[in-house]
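Observations on the model geometry
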Amino acid sequence: MIYSKNGACWCGSKKKYKHCHYEFDQKLMQMKMQGYEVPPKSIIRNQKDIQILRESAKINTAVLDAVAEKICEGMSTQEIDDIVREVTHAHHAKCAPYRYEGYPKSVCTSINEVVCHGIPDSKRILKSGDIVNVDVSTIFKGYFSDASRMFMIGEVSDNARKLVEVTHQALQAGLDALKPWGTLGDIGHAIQQVAESHGYNVVRVFGGHGVGKEFHEEPFVAHVGRPNTGMVTAPGMTFTIEPMINEGTYDVEIDPDDGWTVTTKDKKLSAQWEVMVLVTDDGYEILTQ
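Notes on the structure in this doc start here. (Residues numbered from 1 in each chain as written. Predicted model: local features only at pLDDT ≥ 70, side-chain atom pairs only at ≥ 80, totals over all residues. Heavy atoms only, no water.)

1. Quick look at the overall build of the protein chain
Here is the rule we go by: A run of H or I in DSSP becomes a helix once it reaches four residues, and a run of E becomes a strand once it reaches two; helices and strands are each numbered from the N terminus. For the radius of gyration, the atoms used are the C-alpha atoms, and the globule rule reads 2.2 Å times the number of residues raised to 0.38. Residue burial is assigned from relative accessible area. The probe radius is 1.4 Å, only protein chains are included, and a residue is buried under 20% of its type maximum, exposed over 50%, and partly exposed in between.
A count of helices and strands for the protein chain gives five helices and 17 strands. For a compact globule of 289 residues, the expected C-alpha radius of gyration is about 19 Å, and the protein chain comes in at 19 Å, within 12% of that figure. Considering only C-alpha atoms, the protein chain reaches an extent of 60 × 45 × 30 Å along its principal axes. For the protein chain, with 289 residues in total, the buried portion stands at 54%.

2. Regarding the nonpolar core
Rules: The criterion is simple. A nonpolar core is a set of buried Ala, Val, Leu, Ile, Met, Phe, Trp, Tyr and Cys residues joined through side-chain atoms within 4.5 Å. In what follows, a contact means two residues having at least one pair of non-hydrogen atoms within 4.5 Å.
Ile-131, Met-237, Phe-239 and Ile-241 are the most contacted members of the largest nonpolar core, which has 38 residues in total. When residues no more than four places from it in sequence are discounted, the contact partners of Ile-131 are Ser-110, Ile-111, Asn-112, Met-150, Phe-151, Met-152, Val-156, Ala-160, Leu-163, Val-164, Leu-269 and Ser-270. One finds Ile-59, Val-67, Ile-71 and Val-107 within the second-largest nonpolar core, a separate group that totals 23 residues.

3. Some words on the environment of Val-87
By the secondary structure assignment, Val-87 is in helix 3 (residues 77-90). Val-87 sits 21 residues away from Ala-66 along the chain, and the two C-alpha atoms are 7.6 Å apart.

4. A closer look at helix 3
The line we're drawing: Expected span of a helix: the number of residues minus one, times 1.5 Å.
With 14 residues, helix 3 should cover 20 Å at 1.5 Å per step; its first-to-last C-alpha distance of 20 Å lies within 8% of that length. Here helix 3 has its buried residues at Thr-77, Gln-78, Ile-80, Asp-81, Ile-83, Val-84, Val-87 and Thr-88. Buried residues along helix 3 sit in contact with helix 2 (47-70), strand 1 (94-95), strand 2 (108-111) and strand 4 (131-140).

See below:
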């Protein structure tokens with residue numbers, strides 16, 4: 001069960017707390033003795049954490065919905081940034097990327113061969129045939145939420161459409177593999193299998209991450225792996241699953257001029273979908289997508 005520092009289990013029942021707490025600790029200890037990597041208790045969310053994370057995630061989803069309503073051919077990526085900033089502030093929240101380690105904008109807009117961390121620009125105009133990932137992250141009451149979606153602009157090529165669709169299928173396969181007391185390797189393996197079955201490659205150097213009171217927390221969520229390996233996915237954990245899948249090689253490079261924009265090394269297309277999940281006692285809950 002998800003336990004709370006205030007003496008209640010995640011469901012809010014103080015009456016059940018001792019039993020829930022004992023069972024949770026026993027399960028962690030048992031798995032650790034079996035050789036599994038278990039999560040530190042600092043990343044197991046309590047009832048208060050989960051309540052506010054849901055509020056933050058609801059805003060994050062609303063921002064992505066606002067982008068989805070307006071994104072179109074002829075729009076600049078700076079206009080997307082403007083939408084994200086305005087809608088986020090209207091909900092009395094903050095854009096997590098802004099000034100994060102020096103990042104200059106409120107959202108990431110990654111087009112075609114850009115894998116992630118594309119910087120919005122008034123001179124970068126969306127054109128028919130582009131595929132673009134819009135990655136939105138929100139801070140509300142000190143809690144972070146994070147998700148991204150792919151958008152296909154105008155008439156895209158069959159190759160581009162297939163990459164976007166297969167990447168979404170791979171994300172869903174990762175979700176299907178997520179279970180309480182499973183492992184992160186189960187998720188990575190499922191994603192890798194789908195991607196590689198279509199001749200694509202999964203980016204290795206970037207992955208999902210824990211998210212909650214900080215933008216990036218433990219664990220690192222690889223999108224490749226072997227079943228029954230990696231950190232245990234215990235109830236109460238919150239993290240992103242965000243496969244970045246490339247049409248060609250999985251090798252990437254960072255723009256030396258801006259220090260942020262990550263592109264495929266061979267300049268072939270890349271796609272990404274991201275969701276933020278809460279591991280529950282009987283499965284998972286998608287917080288924002």
